[in-house]
Amino acid sequence: MPPLLKATQAAFVRNFIFGVEDSLVSTVGLVSGVAVAGVDRGTIILTGLVLIVVEALSMGVGSLLAESSTEEFVFRRGRSMRLPMIGGGIMFVSYFIAGFIPLAPYAFLDITHAFPLSIIVSLISLFLLGYVSAALFKGRRTRSALRMLILGGLAIGAGALIGSALHR
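To keep things clear, this report deals only with the structure shown in the data block. In this numbering scheme, every chain counts its residues from 1 along its sequence in written order. At least 70 in pLDDT is required for a residue's local features to be given in this predicted model, at least 80 for side-chain atom pairs to be given and counted, and no such filter applies to totals for whole chains, interfaces and linings, which use all residues. The side-chain quantities take in all heavy atoms of the structure and omit both hydrogens and water.

**With respect to the overall build of the protein chain**
Argument step 1. Secondary structure elements are taken from DSSP: a helix is a run of H or I of four residues or more, a strand is a run of E of two residues or more, and numbering for both begins at the N terminus. Counting its secondary structure elements, the protein chain contains five helices and zero strands.
Argument step 2. Walking the protein chain from its N terminus toward its C terminus, one meets helices and strands in the order α-α-α-α-α.
Argument step 3. By its C-alpha atoms, the protein chain is 55 × 30 × 25 Å across when sized along the principal axes.
Argument step 4. Out of the 168 residues belonging to the protein chain, those deemed buried represent 38%.
Argument step 5. Of the roughly 9,500 Å² of accessible surface on the protein chain, a fraction of 73% belongs to carbon and sulfur atoms.
Argument step 6. None of His or the chain ends enter the tally, which takes Lys and Arg as positive and Asp and Glu as negative. By convention, the charge on Lys lies at NZ, on Arg at CZ, on Asp at CG and on Glu at CD. Across the protein chain, the centroid of the 13 positively charged side chains sits 14 Å from that of the 8 negatively charged ones. Burial classes follow relative accessibility: with a 1.4 Å probe on protein chains only, a residue under 20% of its type's maximum area counts as buried, one over 50% as exposed, and anything between as partly exposed. What sets the accessible areas is the Shrake-Rupley method with a 1.4 Å probe; for residues, cover comes only from the shown protein chains.

**Some points on the pattern of salt bridges**
When their charged atoms lie close together, side chains carrying opposite charge are able to pair.
Argument step 1. Throughout this description, the term salt bridge denotes a Lys or Arg side-chain nitrogen within 4 Å of a carboxyl oxygen of Asp or Glu. Within the structure shown, the criterion is met by one salt bridge.
Argument step 2. In this structure, Arg-14 engages Glu-67 in a salt bridge whose closest nitrogen and oxygen atoms are separated by 3.3 Å. With Arg-14 in helix H1 (residues 3-36) and Glu-67 in helix H2 (residues 41-75), this pair connects stretches of sequence that are 53 residues apart.

**Focus on helix H3 (residues 82-108)**
Argument step 1. Under the 1.5 Å per step criterion, the end-to-end length of H3 is 39 Å for 27 residues, consistent within 8% with the ideal 39 Å.
Argument step 2. Fitting axes to the seven residues ending at a residue and to the seven starting there, one defines the bend at that residue as the angle between these axes. Most pronounced at Pro-102, the bend in H3 amounts to some 50 degrees.
Argument step 3. Buried within H3 we find Pro-84, Gly-87, Gly-88, Met-91, Ser-94, Tyr-95, Ala-98, Gly-99, Pro-102, Leu-103, Pro-105 and Tyr-106. A helix is expected to span 1.5 Å multiplied by its residue count minus one.

**Remarks on the packing of aromatic side chains**
Argument step 1. Classification of ring pairs uses Phe, Tyr and Trp, with its six-membered ring standing for Trp, and accepts pairs whose centres are within 6.5 Å; under 30 degrees between planes counts as stacked, over 60 as edge-to-face, and the remaining range as tilted. The full count for this structure, using the stated rule, is two aromatic pairs.
Argument step 2. Note on Phe-96 and Phe-100: the rings are 5.2 Å apart at their centroids and 70 degrees apart in plane angle, and the pair reads as edge-to-face. Taken together, the residues Phe-96 and Phe-100, both in helix H3 and four residues apart, mark about one turn of the helix.
Argument step 3. Exposure remark for Phe-96: the relative accessible area of 29% places this residue in the partly exposed category.
Argument step 4. Here the aromatic residues Phe-92, Phe-96 and Phe-100 are joined through ring pairs into a cluster of three or more.

**Description of the packing of helix H4 (residues 111-136) against helix H5 (residues 141-165)**
Argument step 1. Note on definitions: angles span 0 to 180 degrees between N-to-C directions of axes, and those axes are lines fitted to C-alpha atoms, for helices only across the stretch in contact. Their axes nearest at 7 Å, the elements H4 and H5 cross at an angle of 145 degrees. Note that H4 runs across H5; the crossing there is right-handed. Of the residues in H5, those touching H4 at Ile-119, Ser-122, Leu-123, Leu-126, Phe-127, Leu-129, Gly-130, Tyr-131, Ser-133, Ala-134 and Ala-135 are Arg-141, Thr-142, Ser-144, Ala-145, Leu-146, Met-148, Leu-149, Gly-152, Gly-153 and Ile-156.
Argument step 2. Any residue that is not Ala, Val, Leu, Ile, Met, Phe, Trp, Tyr, Cys, Pro, Asp, Glu, Lys or Arg is counted as polar, Gly included; the first ten are nonpolar and the last four charged. Considering only residue class, the contact of H4 with H5 consists of 13 nonpolar, seven polar and one charged. Rotating anticlockwise by less than a right angle from the far helix to the near helix defines a left-handed crossing, while the corresponding clockwise rotation defines a right-handed one. The criterion used for residue contact is that any of the two residues' heavy atoms lie within 4.5 Å.

**Let's talk about a nonpolar patch on the surface**
Argument step 1. Each patch groups residues whose relative accessible area exceeds 30% and which form no salt bridge, using 9 Å between like charges and 5 Å between nonpolar side chains of Val, Leu, Ile, Met, Phe, Trp and Tyr. A contiguous nonpolar surface patch, about 400 Å² in accessible area, is contributed by Tyr-131, Val-132, Leu-136 and Phe-137.
Argument step 2. Note that Tyr-131 resides in helix H4.

Quick look at the structure:
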């Protein structure tokens, strides 16, 4: 495989993994923190939706700008925006879709049941993301899955701790 094609594929996979991981951790961290703080279900859902939309757009644009700047730096001139736009699109879509994984339980269950389920499905999703990404790159699957689970879990815990500390 030519190096440029391999680098392009790696950038697309990187955007996907980054988008899913960041969305899962950010969304579950925020909605857990807000839920623990004692707000109503509607506020949790609204807060989660705002985060998902704003961050998906921000991450997509950030990816586009970073990839474009990197290409300008590496090639010393501007190139087609096609690949950075695809990368940004992958980032946007992966962030947007993954954000609904931790938010969905709050749409269908009361807060006391949605809270633990949201965290559990997010942690399982992080584990699976780590496992699948290692499989794609022929890495250590269990190690990668556990690393994603532990590091993402720490960030999730931070959101819940802040919400607990600021509980009304």
